[in-house]
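Structural features, examined
Below are the chains, spelled out letter by letter.
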Amino acid sequence: RKDLIKELSESFTEDVGLFVKYHFKSPSSKKPPLRQLREEVKQIQAMAKTLTLNTQSFKDTRFSLSLCWDELKSLDKEKKKFILEQRALQKQAYDTAYVKVQEFEAFCQDQTSLQPVVKKYDEILSALREIKDLRGLELKQIKDKLQACRQPFDDKEEQTRKAHEEQQRQMEQKRVEKLKALQEELSSGLAVEGEGALSALGELKVFYEENIKGLSLSKAEKMSLDALTRQLKDRILELKGQRLLDLSGREKEKYAELQAVVEEKKQRRLEIKQHLETYRKELGGSGFDFEKAMLYRDLIAAEKQVLEKMDSAINELEAAITKMEG
C-alpha cells in the first residue's frame, strides 16, 4: 500500500507539474480562456483531496495550484481592467463619431438634392475609419444613424428615377403606337383602287412625310418603313402611267407627261438598284444572325420584284412614246 501511494503521488505530482508548466510557465503556449483554467484548477484540487497522496505530494501540488489560482485572479483583474479601458475608449470613440452624425443631420436639413448629401456622407465615412477604437456594434449604430439621415434623399432619388423610367416607357409606347399606325396607314393605302386612288395616295404620301419627322426609328424599323414608302412611290408612278395611257386627245401634252413619268420611273429604278447593291453588300460583308440574314434576303427579293415591274412599266411607256413619235 505504501508503494502504491508513493507511485500514485509521484504520478500526480508529475501531472500537476506538466499542467503548471504548460499553462502558466510557457510564454509561447496559447492559454485557454481564464474561466476554463479556473475550472481545471478547481477539479485538480478536488482530485487531490479524493486521491490518497502522501503528505509531501499533497503539500507541493496544493502550493503549486494555489500559485496558479493567484495568477488567475491577477490575470482576471487585468482582463477586467483592460475591458473597462476598452469600453472607455469605445465610449469616447462613439461620442466623437456621434458629433459627426449631428454634423451630418444639420447638413442634410439645408439640402434639396442627393449629390451633395452623398459627397458629405462619404467624407464622414472616411473620417470614421480614422477613429481606431470605433468598431463592432458602436460602428454599426453610427452608420445606421447616418443612413437614416440620408434615406429621405435616397427615397426621393428613387422616386425621381422611377418617374423618369415611367415617362420614358410612355414615350416609347406612344412612339411604337404611332409607328404601328403609320405602317397600317401605308399598308391600307397601297390597296386603294378606283378613280380617286391617285389623289388618295398623294395625300397619303404627304401625311407620311409630315408624321415621320422627328420619329426616332431603329435600323429595322427604318428599313420596314422605307420598304413601304418605296411601294407607295411605285404605286403612285404606276397609277400616273395608267392614267396617261388611258388619255385620249391632247397628244402633245400626253407625250410630254409620258416622258416625265418615264424619267421619274428611271430615277426610281436607279434608287432600287442602289438599294439592292447596299443590301447585297450588307449581307455579304456582315456576320448577321439567321433572323437578320433572312430579313435582308427578303428585302433583296422584294426589291428584285419591284425592279422587274419597274422595267416592264418603263418599257410599256417608252413603247407608247415611240408609237406617238410614229
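To start, this report covers the structure provided alongside it. (Residues numbered from 1 in each chain as written. Predicted model: local features only at pLDDT ≥ 70, side-chain atom pairs only at ≥ 80, totals over all residues. Heavy atoms only, no water.)

Topic: the packing of aromatic side chains
The geometry of two aromatic rings is summed up by the distance between their centres and the angle between their planes. Heads up, the condition is: Stacked, tilted and edge-to-face pairs are distinguished by plane angle, under 30 degrees for stacked and over 60 for edge-to-face with tilted covering the rest, among Phe, Tyr and Trp rings (Trp via its six-membered ring) whose centres lie within 6.5 Å. Going along the chain from the N terminus, every DSSP run of H or I of four or more residues is numbered as a helix, and every run of E of two or more is numbered as a strand. For every residue, the accessible area obtained with a 1.4 Å probe (protein chains only) is divided by the maximum for its type, and the residue is called buried under 20%, exposed over 50%, and partly exposed between those limits. Criterion for a charge above a ring: Lys NZ or Arg CZ within 6 Å of the ring centre, and within 35 degrees of the ring normal.
Applying the stated criterion across every chain, the model contains three aromatic pairs. Note on Y94 and Y98: the rings are 6.2 Å apart at their centroids and 20° apart in plane angle, and the pair reads as stacked. Taken together, the residues Y94 and Y98, both in helix α3 (residues 55-109) and four residues apart, mark about one turn of the helix. Using a relative accessible area of 18% as the deciding quantity, one classes Y94 as buried. Over the ring of F107 we find K120; its NZ or CZ atom is 5.7 Å from the centre of that ring. Above the face of the Y121 ring, R150 is positioned so that its terminal group lies 4.7 Å from the ring centre.

Examining the pattern of salt bridges
Heads up, the rule is: Within this document, salt bridges are pairs made up of a side-chain nitrogen of Lys or Arg and a carboxyl oxygen of Asp or Glu, the two lying within 4 Å of each other.
Applying the stated criterion to the full structure yields 21 salt bridges. Note that R161 and E158 form a salt bridge whose closest N and O atoms lie 2.4 Å from each other. Residue R161 and its partner E158 are located together in helix α5 (residues 136-190), separated by three residues, close to a single helical turn. Residue classification places R161 among the partly exposed positions, given a relative accessible area of 37%. We classify E158 as partly exposed; its relative accessible area is 32%. The residue R269 makes a salt bridge to D311 at a minimum N-O spacing of 3.1 Å. Placement of R269 in helix α8 (residues 251-285) and of D311 in helix α9 (residues 290-325) is noted, with a sequence separation of 42 residues between them.

Observations regarding a negative patch on the surface
Where we set the bar: Surface patches are defined over residues having more than 30% relative accessible area and no salt bridge, joining like charges when they lie within 9 Å and nonpolar side chains (Val, Leu, Ile, Met, Phe, Trp, Tyr) when within 5 Å. All accessible-area figures derive from a Shrake-Rupley calculation using a 1.4 Å probe, and residue coverage is judged against the displayed protein chains alone. Note on charges: Lys and Arg go in the positive column, Asp and Glu in the negative column, and His and the chain ends are not counted at all. Where a charge lies is defined by one atom per residue type, namely NZ (Lys), CZ (Arg), CG (Asp) and CD (Glu).
Among the surface-exposed residues, D3, E7, E10, E14 and D15 lie close enough to one another that they form a single negatively charged patch. Position of E7 among the secondary structure elements: in helix α1 (residues 2-25). Judged by relative accessible area, E7 falls into the exposed class, the value being 53%.

Description of helix α6 (residues 197-211)
Where we set the bar: What a helix should span is 1.5 Å times the count of its residues minus one. Working note: the arc is built from the helix axis to C-beta atom directions.
Across its 15 residues, α6 extends 21 Å between first and last C-alpha, which sits within 8% of the 21 Å expected from 1.5 Å per residue. Turning to α6, its buried residues number three or more, namely A197, L198, L201, L204 and Y208. With its buried residues spanning 115° around the axis, α6 presents them on a single face. Residues E203 and E210 are exposed on α6 and point more than 90 degrees away from its buried face.

So, the layout of surface pockets
Taking a probe equal in size to a water molecule and rolling it over the atoms shows the remaining empty space. Worth spelling out the cut-off: In this analysis a 1.4 Å probe is tested at points of a 1 Å grid over the protein atoms alone, and where it fits but cannot get out there is a cavity; an open set with protein on both sides within 12 Å along at least five of seven lines is a pocket; lining residues have an atom within 4 Å of a point. Grid points are joined across faces, edges and corners, and a volume is the space filled by probe spheres set on the points. Gly falls in the polar group here, along with every residue not listed as nonpolar (Ala, Val, Leu, Ile, Met, Phe, Trp, Tyr, Cys, Pro) or charged (Asp, Glu, Lys, Arg).
Approximately 330 Å³ is the volume attributed to the largest pocket. Among the secondary structure elements, those contributing two or more residues to the lining of the largest pocket are α7 (219-246) and α9. Grouping the constituent residues of the lining of the largest pocket by class yields five nonpolar, four polar and six charged.

What about the state of the cysteines?
Heads up, the condition is: The disulfide criterion is simple: two cysteine sulfur atoms within 2.5 Å.
Evaluated as defined, the whole model comprises zero disulfides. Here C149 is not cross-linked by a disulfide; its sulfur's nearest cysteine counterpart is in C108, at 5.5 Å.

Description of the environment of A260
Within the fold, A260 resides in helix α8. Accessibility expressed as a relative area gives 38% for A260, which makes it partly exposed. Considered as a pair, A260 and A93 are 167 residues apart in the sequence and their alpha carbons are 92 Å apart.

Points about empty space enclosed by the protein
Considering all chains together, one arrives at one cavity of 30 Å³ or more under this definition. A volume near 40 Å³ is recorded for the largest cavity. Lining of the largest cavity is provided by Q45, A48, K49, F58, T61, R62 and L65. Breaking the lining of the largest cavity down by element, the ones donating at least two residues are α2 (34-50) and α3. At four residues, the largest contribution of residues to the lining of the largest cavity is made by α3.

Details of the packing of helix α4 (residues 114-129) against α5
Condition: Here, axes are lines fitted to C-alpha atoms. For helices the fit covers the stretch in contact, and angles between N-to-C directions go from 0 to 180 degrees. Oblique is the label for any angle not under 35 degrees, not over 145, and not in the 65 to 115 range, which are roughly parallel, roughly antiparallel and roughly perpendicular in turn. By definition, any crossing whose near helix is turned counterclockwise from its far helix by less than a right angle is left-handed, and any crossing with a clockwise turn is right-handed. Here, two residues are considered to be in contact whenever any of their heavy atoms come within 4.5 Å of each other.
As a packed pair, α4 and α5 sit with axes 10 Å apart at the nearest point and diverge in direction by 165°. On the basis of their axis angle, the class for α4 and α5 is roughly antiparallel. In the crossing of α4 with α5, the sense of the turn from one axis to the other is left-handed. Across the interface between the two elements, L114, Q115, V117, V118, Y121, I124, L125 and L128 from α4 touch I142, K143, L146, Q147, R150, F153, D154 and E157 from α5. A class-by-class count of the residues in the contact of α4 with α5 yields 10 nonpolar, two polar and four charged.

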